[in-house]
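Results of the structural survey
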There are 2 protein chains.
Amino acid sequence: MRHFEDIQVGSSMTASGHELRAEDIIAFASQWDPQPWHVDPDAAERSPMRGLTASSVHTYAVAALLLNRMEPVAGIASIKHELELPNPARPGDQLTLTMTCVDKRVSDSKPDRGLITFDGVLANQHGTVVLKLRSLMMVKTRAGR
Amino acid sequence: MRHFEDIQVGSSMTASGHELRAEDIIAFASQWDPQPWHVDPDAAERSPMRGLTASSVHTYAVAALLLNRMEPVAGIASIKHELELPNPARPGDQLTLTMTCVDKRVSDSKPDRGLITFDGVLANQHGTVVLKLRSLMMVKTRAGR
């Protein structure tokens, strides 16, 4: 378990190996975001994206899944997430998440916790970035164990 | 289908009626974000949040689901989403999404499309806000039909 003190600004962790399959894109979007270009391959071919693309929620969910494969962080709360989707995620993508600590500060009023900003990049096997993430997390210090 | 011209700055739409059940929180998080406080009621009771809370991905997915119940927007791409989670979503929450257009501009180079910024608020039956969303969407103009 990584506490506030264990996470250094500039340090990164990576998790990989999530394959996005067409049937998973369709199943996820059918439940949560049933836009034609996420659930219907024919409609997707005729759409501006020219083919099936994952819902942004699905792409974010894959990032969460890969994050859970890294050594856990002693999180208290996730406060804010900024998601940019520079390119759509598509069937056949093999996705890798890299999370980098870009800022941290201990709480002035509560020494058992601190705030850490992580920048995440989710990219496919060609290096195409499908999600850029900036997450502000509240994390326990060792005093907060 | 709402095109760029149909969406006025200051206009809002609302969709409601999603109940968050404990078993849904656990099922979603088991698949995508298996933190103890999302999947294990006993561990959740002992966590700083004092009880089961929905994964931020699940909360965002509910917002997408409710968005899909509104009159559809002629979207081309979702470009950026900022998510703030001021309070956790919990079992028994009855969630309502309100989306307000806060900015729009037509593309200078491509008159078939424009960019619209929507502010979203997902709140429970007590008015507690569980997700604040700011979304930048590329939307077709009528010329882009």
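Residues numbered from 1 in each chain as written. Chains lettered and ligands numbered in written order. Predicted model: local features only at pLDDT ≥ 70, side-chain atom pairs only at ≥ 80, totals over all residues. Heavy atoms only, no water.

Note on backbone geometry: most residues besides glycine have negative phi, and most peptide bonds are trans. In the Ramachandran plot, A:Arg50 falls in the positive-phi region, its phi being about 55° despite a non-glycine side chain. With respect to the element layout, A:Arg50 can be found in the loop between helix H3 (41–46) and helix H4 (56–67). (Helix = DSSP H or I, 4+ residues; strand = E, 2+ residues; numbered from the N terminus.)

Residues and elements named next belong to chain A. Per-residue confidence for chain A gives a mean pLDDT of 95; residues scoring 70 or more make up 99%. When the elements of chain A are averaged for pLDDT, strand E2 (residues 75–84) gives the smallest value, 91, and helix H1 (residues 22–32) the largest, 98. Confidence estimates for the predicted assembly give a pTM of 0.94 and an ipTM of 0.92. (pLDDT = per-residue confidence, 0-100.)

Moving on to the nonpolar core. Inside soluble globular proteins, nonpolar side chains tend to come together where they are buried. In this structure, A:Leu122 and B:Leu122 are the most contacted members of the largest nonpolar core, which totals 70 residues. Apart from the residues lying within four places of it in its own chain, the contact partners of A:Leu122 are A:Thr59, A:Val62, A:Ala63, A:Leu66, A:Leu95, A:Thr96, A:Leu97, A:Thr128, A:Val129, A:Val130 and A:Leu131. (Core = buried A, V, L, I, M, F, W, Y, C linked by side-chain atoms within 4.5 Å. Buried < 20%, exposed > 50% of the residue type's maximum accessible area, 1.4 Å probe, protein only. Contact = heavy atoms within 4.5 Å.)

All names here are of chain B. Tallied over the full model, the rule gives ten salt bridges over all chains. Notably, a salt bridge pairs Asp6 with Arg142, separated by 2.2 Å at the nearest N-O pair. Pair noted here: Asp6 is in the segment before strand E1 (12–19) and Arg142 is in the segment after strand E5 (129–140), with a separation of 136 residues, a long-range link. By relative accessible area, which is 31% here, Asp6 ends up partly exposed. A salt bridge links Arg134 to Asp119; the shortest N-O distance between them is 2.7 Å. In this pair, Arg134 sits in strand E5 while Asp119 sits in strand E4 (residues 113–123), placing the two residues 15 residues apart along the sequence. Relative accessible area serves as the criterion here: at 39%, Arg134 is assigned to the partly exposed category. Accessibility expressed as a relative area gives 23% for Asp119, which makes it partly exposed. (Salt bridge = Lys/Arg side-chain N within 4 Å of Asp/Glu carboxyl O.)

Turning next to the packing of aromatic side chains. Applying the stated criterion to the full structure yields three aromatic pairs over all chains. Ring centres 5.6 Å apart and planes at 80° place the aromatic pair A:Phe28 and B:Trp32 in the edge-to-face group. Linking A:Phe28 in helix H1 with B:Trp32 in helix H1 (residues 22–32), this pair reaches from one chain into another. Taken individually, A:Phe28 and B:Trp32 each receive the classification buried, so the pair is uniform in this respect. Geometry around A:Phe4 places A:Lys104 over its ring, the cationic atom sitting 4.4 Å from the centre. (Phe/Tyr/Trp six-rings, centres within 6.5 Å; stacked < 30°, edge-to-face > 60°. Lys NZ or Arg CZ within 6 Å of the ring centre and 35° of its normal.)

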